[in-house]
Amino acid sequence: LKTCAFHAEDCCGNHPDRRVKVKFPNDLAFCNECFVQKFKKQPPSRTTFQVPGVHEENVVKIAKHKDTGPKFIKEELTEETTCKWVPKKDNYRDRGYLCTNKIYRNPETRALLHSCAWHVATCIHPSHAKDADSKSGRILVPNEYGLCIAHHVSKHGIPPKSQSQ
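Quick caveat, the model's predicted, so the values are computed rather than measured.

**Things to note about the pattern of salt bridges**
Taken as a whole and assessed by the stated rule, the structure comprises seven salt bridges. Glu9 is the partner of Lys21 in a salt bridge, and the nearest nitrogen-oxygen pair spans 3.9 Å. With a gap of twelve residues between them, Lys21 in the segment before helix 1 (32–39) and Glu9 in the segment before helix 1 connect regions that are remote in the sequence. Between Arg18 and Asp17 there is a salt bridge, and its shortest N-O distance comes to 3.6 Å. Of the residues examined, Asp17 reaches a relative accessible area of 64% and is grouped as exposed.

Spelled out as structure tokens, the structure:
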């Protein structure tokens, strides 16, 4: 995923012959059908406002982003810098939203990230720094620490709490 699962447009379930849109944001990026198959219940009817850290803002601010993501050029990061997550240009469902969380400081490296922990795409643990691809460190369950499931369990003793359950 190029975004956290809450902001995925297409289902990550098994649909080999077609693309299926995610109707209700959830932490697994599942369409309604896949969610029901896995949990035997309907996904929560969560709006984008109920996704951690996302709030409606002036659409003009988002229109200034010409690329498909946030601008990181020549901005000095501080503890008070706001998360740079914005929906992709072609993500009509989330258009008009920005994250208002403060950016995250990696507790291991002490480096400031360009987004909050909820919106990092890959695990912030230093062991992933040398990964050849982003699959091993991808965050399947967004959490307040920016850790993949394995590192979350290692550090806290339990997996991150799913926001859809």
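Following the structure, the description resumes.
**Describing the nonpolar core**
Counting nine residues, the largest nonpolar core consists of Tyr104, Leu113, Ala117, Val120, Cys123, Ile124, Ile139, Leu147 and Cys148. Counting seven residues, the second largest nonpolar core, distinct from the first, contains Val20, Val22, Phe30 and Cys34.

**Overview of the confidence of the model for the protein**
Across the protein, pLDDT averages 77, with 76% of residues at or above 70. No element of the protein has a lower mean pLDDT than helix 2 (residues 59–63), which averages 40, and none a higher one than helix 3 (residues 149–156), which averages 92. Here residues 57–74 is a poorly scored stretch, pLDDT under 50, and it has 24 contacts once near neighbours within four places are set aside; other chains count.

**Considerations on the side chain of Asn106**
In this structure, Asn106 sits in the loop between strand 2 (97–99) and helix 3. A distance of 3.3 Å separates a polar atom in the side chain of Asn106 from the backbone nitrogen of Thr109. If we skip the residues at most four places from it in the chain, Asn106 touches Ala111 and Ile124.

**Topic: the packing of aromatic side chains**
Evaluation of the coordinates by the stated rule reveals one aromatic pair. Between Phe35 and Phe39, the aromatic rings sit 4.6 Å apart at their centres with planes inclined by 45°, giving tilted as the arrangement. On the criterion of helical spacing, the pair formed by Phe35 and Phe39 is a turn pair, its members being four residues apart in helix 1. Over the ring of Phe39 we find Lys38, and its NZ or CZ is 5.8 Å from the ring centre.

Conventions and cut-offs
- Residues numbered from 1 in each chain as written.
- Predicted model: local features only at pLDDT ≥ 70, side-chain atom pairs only at ≥ 80, totals over all residues.
- Heavy atoms only, no water.
- Salt bridge = Lys/Arg side-chain N within 4 Å of Asp/Glu carboxyl O.
- Helix = DSSP H or I, 4+ residues; strand = E, 2+ residues; numbered from the N terminus.
- Buried < 20%, exposed > 50% of the residue type's maximum accessible area, 1.4 Å probe, protein only.
- Core = buried A, V, L, I, M, F, W, Y, C linked by side-chain atoms within 4.5 Å.
- pLDDT = per-residue confidence, 0-100.
- Contact = heavy atoms within 4.5 Å.
- Polar contact = N/O pair within 3.5 Å; in protein donor to acceptor, adjacent residues only side chain to side chain.
- Phe/Tyr/Trp six-rings, centres within 6.5 Å; stacked < 30°, edge-to-face > 60°.
- Lys NZ or Arg CZ within 6 Å of the ring centre and 35° of its normal.

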